[in-house]
Amino acid sequence: MMRTHIYRFALVMLCLSALMACRRNEAPQRRSNSSSSVDHLIIKEVFYTGHAYTQKLATTPPSTTSNWSSDEAYIAIYNPTSEVKYLDGLALASTALDPSEQVEFEGNKDFRREYVGVSLMSYFPGSGKEHPINPGQTIIIAKYAIDHAKNFFTSLDKMLEESGEKPADRTLYTGVDAFLDLSKADWEWTNSKTDSKNNPKVPDLVPIYVGTDEDEDDLDLGFVDVTETSGIALVKLPWTAEDFAKNYRDSEGHQGYRHTITARVTHHRKRLRVIEIPFDKAVDCITLCPKRAYKMNPYSKEPKATFDKGYNAVSDDAYKSTPESDSKKYSGMSLIRKWDGKKFVDDNNSTSDFEVKPASLGVKK
């Protein structure tokens, strides 16, 4: 009888061991959903559309031209927990895969089975506890932490002055007054050393690497922009910036932190440069892609997508396919995480977690 129990126990342990081995390389389920408490920082809002504006032209007959601002982008990070969290060592990253492209990996090179692959990232500096984010607090990271309406006319007037012309007639421009004032943002992801539009009074995120590379010459791996087809992830740095700079390259006998992967996009070979982020270092994410443009999940292999099961966008079509008459419909609109009356929804699904609403920082008080 005792021997029978031992055999049964051994059989159960063998099955469990096999099951764990099968799952070892799969993306783990994140630890929260809409029916449970959230134990990590979340991406609360992503504003990337900017605002549409028009300019009256002194033509005969009079006409107007429609334009679009694109520098008002910002990302809001929120602490939904009951404890103080810290931004030190966290980073904003862009995925290496574009969700609007169908990529076919050569051989067994689909990295989404093994890790989260990103291409660019910038991190919050600090030794560990220098930049707290308190329970219920939101921090804003802007592309440019400036008053965008004021900067629009300041820059325009400067250009006109250099051409020997008078300052711009404000009455000829419609929609500029809706541009966001982001001068009170907490952080910028652009860098004051390389970008003249950057506000030097607001702290910057730090690019994970800026320097030279033996294969790519000058190399800047800092987070650049939020596009309408991209994945944005909040991650914990698996290494220090100093360690990354020394060891990011793959070489013979050495696996670095950034890999070159060969794939095909519409029958053309493409070399992907992919920074490896372990699944357990990925905190939160969002997938941006218009409904009619979506092709593949940039984080994990479907149908077992666990980090993000969906995607979302302000518009159903890509901007280039959107009629100019619809520009006002999308102007100033943002992707904002849903509130269920008690907490922010986190189903690990950008489709159901976010909704299209006017940018929170654009709402007039």
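One structure accompanies this document, and this report is about it. Source: prediction; values computed, not measured.

Cut-offs applied
Residues numbered from 1 in each chain as written. Predicted model: local features only at pLDDT ≥ 70, side-chain atom pairs only at ≥ 80, totals over all residues. Heavy atoms only, no water. Helix = DSSP H or I, 4+ residues; strand = E, 2+ residues; numbered from the N terminus. Buried < 20%, exposed > 50% of the residue type's maximum accessible area, 1.4 Å probe, protein only. Contact = heavy atoms within 4.5 Å. Areas by Shrake-Rupley, 256 points an atom, 1.4 Å probe, with all protein chains shown as cover. Pairing = 2+ DSSP bridges. Salt bridge = Lys/Arg side-chain N within 4 Å of Asp/Glu carboxyl O.

## Considerations on the overall build of the protein chain
Point 1. When helices and strands are counted, the protein chain shows 5 helices and 21 strands.
Point 2. The buried share of the protein chain, taken over its 365 residues, is 45%.
Point 3. Long-range pairs, those at least 24 residues apart, make up 73% of the contacts in the protein chain with a sequence separation of at least 6.
Point 4. Accessible surface, the protein chain: about 20000 Å² in total, of which carbon and sulfur atoms supply 51%.

## Let's talk about the sheet that holds strand 20 (residues 333-337)
Point 1. Strand order in the open sheet made by the 6 strands is 12-10-4-1-20-21, with mixed pairing throughout. The open sheet has two edge strands, strand 12 (187-188) and strand 21 (354-358), and neither has a second partner.
Point 2. Taken together, the 5 bridges between strand 1 (residues 42-47) and strand 4 (residues 74-78) define a ladder with antiparallel strand orientation. Paired with valine 46 across the two strands is isoleucine 75, which belongs to strand 4.

## Details of the pattern of salt bridges
Point 1. Going through the model one piece at a time under the given rule, you end up with 17 salt bridges.
Point 2. Here arginine 249 ties to aspartate 213 by a salt bridge, and the two come within 3.3 Å at their closest N and O atoms. With arginine 249 in the loop between helix 3 (241-247) and strand 17 (258-265) and aspartate 213 in strand 14 (residues 210-213), the pair connects residues that are 36 residues apart, well separated along the chain.
Point 3. The class of arginine 249 is partly exposed, set by a relative accessible area of 28%.
Point 4. Since its relative accessible area comes to 8%, aspartate 213 is described here as buried.
Point 5. Here aspartate 284 ties to arginine 337 by a salt bridge, and the two come within 2.9 Å at their closest N and O atoms. Linking aspartate 284 in strand 19 (residues 282-288) with arginine 337 in strand 20, this pair joins segments that are 53 residues apart in sequence. Per residue, the accessibility class of aspartate 284 equals that of arginine 337, and both read buried.

## A closer look at the sheet that holds strand 2 (residues 52-57)
Sheet strands line up and pair through hydrogen bonds in the backbone, either parallel or antiparallel.
Point 1. Pairing in this open sheet of 3 strands is antiparallel, and the strands run 3-2-11 from one edge to the other. At either end of the open sheet lies a strand with only one pairing partner, and these are strand 3 (63-68) and strand 11 (173-174).
Point 2. As judged from the 6 bridges shared by strand 2 and strand 3, these two strands associate in the antiparallel manner. Residue leucine 57 lies in a different strand from strand 3, and its bridge partner there is serine 63.

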